[in-house]
Amino acid sequence: MAGCGVPKLRIVSLLPAATETIYALGLGERLVGVSHACRVEGPPLPRLTKTAINPGASSGEIHADVETRLAAGEPLFTLDADLLEELRPDLVVTQDQCEVCALPLSAVTEAARAAGRLDGAAITAVNPRSLDDVLGTVEQIAAAAGELGRGEALVAEYRERIARVEHRAESVSQWRSPVAVIEWREPLILSGNWCPELIWRAGGESVLVEPGQPSRPVAWEELIASRPEAVFVVPCGFDRQRAEAELGLLRAEPGWGDLPAAGTGRYWALDGDRYFNSPGPGLVATLEHVGGLLGGDR
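Residues numbered from 1 in each chain as written. Predicted model: local features only at pLDDT ≥ 70, side-chain atom pairs only at ≥ 80, totals over all residues. Heavy atoms only, no water.

Considerations on the pattern of salt bridges
Evaluation of the coordinates by the stated rule reveals 17 salt bridges. Note that D273 is salt-bridged to R39, the shortest N-O span being 3.4 Å. Separated by 234 residues along the polypeptide, D273 in the loop between strand 12 (267-269) and helix 11 (282-294) and R39 in the loop between strand 2 (31-34) and strand 3 (49-51) bring together distant segments of the chain. The exposure class of R39 is partly exposed, given its relative accessible area of 39%. Put simply, R161 and E288 hold a salt bridge, and the shortest N to O gap is 2.8 Å. In this pair, R161 is assigned in helix 6 (residues 148-172) and E288 in helix 11, connecting sequence segments 127 residues apart. (Salt bridge = Lys/Arg side-chain N within 4 Å of Asp/Glu carboxyl O. Helix = DSSP H or I, 4+ residues; strand = E, 2+ residues; numbered from the N terminus. Buried < 20%, exposed > 50% of the residue type's maximum accessible area, 1.4 Å probe, protein only.)

Comments concerning the packing of aromatic side chains
Applying the stated criterion across every chain, the model contains 4 aromatic pairs. With a centroid separation of 4.9 Å and 25° between ring planes, the pair formed by F232 and W268 is classed as stacked. Residue F232 is found in strand 11 (residues 230-233), and its partner W268 is found in strand 12; the two are separated by 36 residues along the sequence. Taking relative accessible area as the criterion, W268 reaches 11% and is therefore assigned buried. With a centroid separation of 5.4 Å and 75° between ring planes, the pair formed by W256 and Y267 is classed as edge-to-face. Residue W256 is found in the loop between helix 9 (240-251) and helix 10 (260-264), and its partner Y267 is found in strand 12; the two are separated by 11 residues along the sequence. Overall, Y267 belongs to the buried group, its relative accessible area being 17%. Three or more aromatic residues joined by ring pairs make a cluster, and in this case those are F232, W268 and F276. Positioned above the aromatic ring of W200, the side-chain terminus of R176 is 3.6 Å from the ring centre. Above the face of the F238 ring, R242 is positioned so that its terminal group lies 4.3 Å from the ring centre. (Phe/Tyr/Trp six-rings, centres within 6.5 Å; stacked < 30°, edge-to-face > 60°. Lys NZ or Arg CZ within 6 Å of the ring centre and 35° of its normal.)

So, in structure tokens, the structure goes:
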């Protein structure tokens with residue numbers, strides 16, 4: 001049979017969205033190592049990264065710690081270069097987008113240069129800013145793994161699902177509700193990049209942040225004045241339990257009760273790590289879920 005005896009690539013993923021993509025492509029058995037934040041399906045895998053940030057701290061404390069470390073030139077994440085060398089990957093998938101969200105590309109390339117046995121390894125970095133970009137990264141990772149056909153088939157399936165959500169949104173109402181997507185509470189930050197686009201495709205309109213723009217800090221008074229009719233609280237990198245805690249604190253803020261969303265109960269705390277924040281295939285499920293909520297589902 002053609003292809004018999006051809007060794008399969010050994011893949012290291014240092015980005016949760018990339019790991020999610022690799023599993024979605026049916027290539028999970030090729031993973032030999034992941035980051036500390038990756039969700040693993042099946043047997044445990046070696047973790048190559050660590051974070052210097054305490055995830056149990058308050059949002060304000062985490063923000064202050066990040067700002068202090070960045071100002072001092074201290075890394076937020078560390079990579080176990082010895083373990084990376086030991087795993088002998090053929091392909092390393094990382095990101096070149098946000099040094100606060102995951103290990104930066106520069107740290108990976110430095111480690112690769114320092115590890116003599118990684119000379120033959122390929123490094124592919126993703127940098128999505130839109131939903132189309134995210135779909136493009138699926139094909140990018142598939143191609144890097146020698147499985148472009150799988151990527152193209154998966155993207156075609158995703159585009160069909162996206163089109164169904166858009167069709168439903170257009171058939172439900174011509175009015176687009178103003179929607180706030182809160183990715184951080186202290187300081188208050190509204191989600192950018194692909195998130196405003198998701199809201200638009202789902203039938204709403206993001207307040208204060210345009211599609212493709214980076215996430216944006218806003219004053220509480222700005223949010224109140226934007227009068228969102230729906231609010232999603234999706235703290236970056238955290239699960240639903242933390243999102244619900246952050247929502248509780250937001251509801252205690254002065255003026256919350258004046259929001260149209262508060263009056264109708266159209267506010268939700270979602271798993272930020274699984275929904276919205278991670279630029280992987282899960283964004284398609286996010287779009288379907290958000291479309292249902294904005295369309296009246298509960």
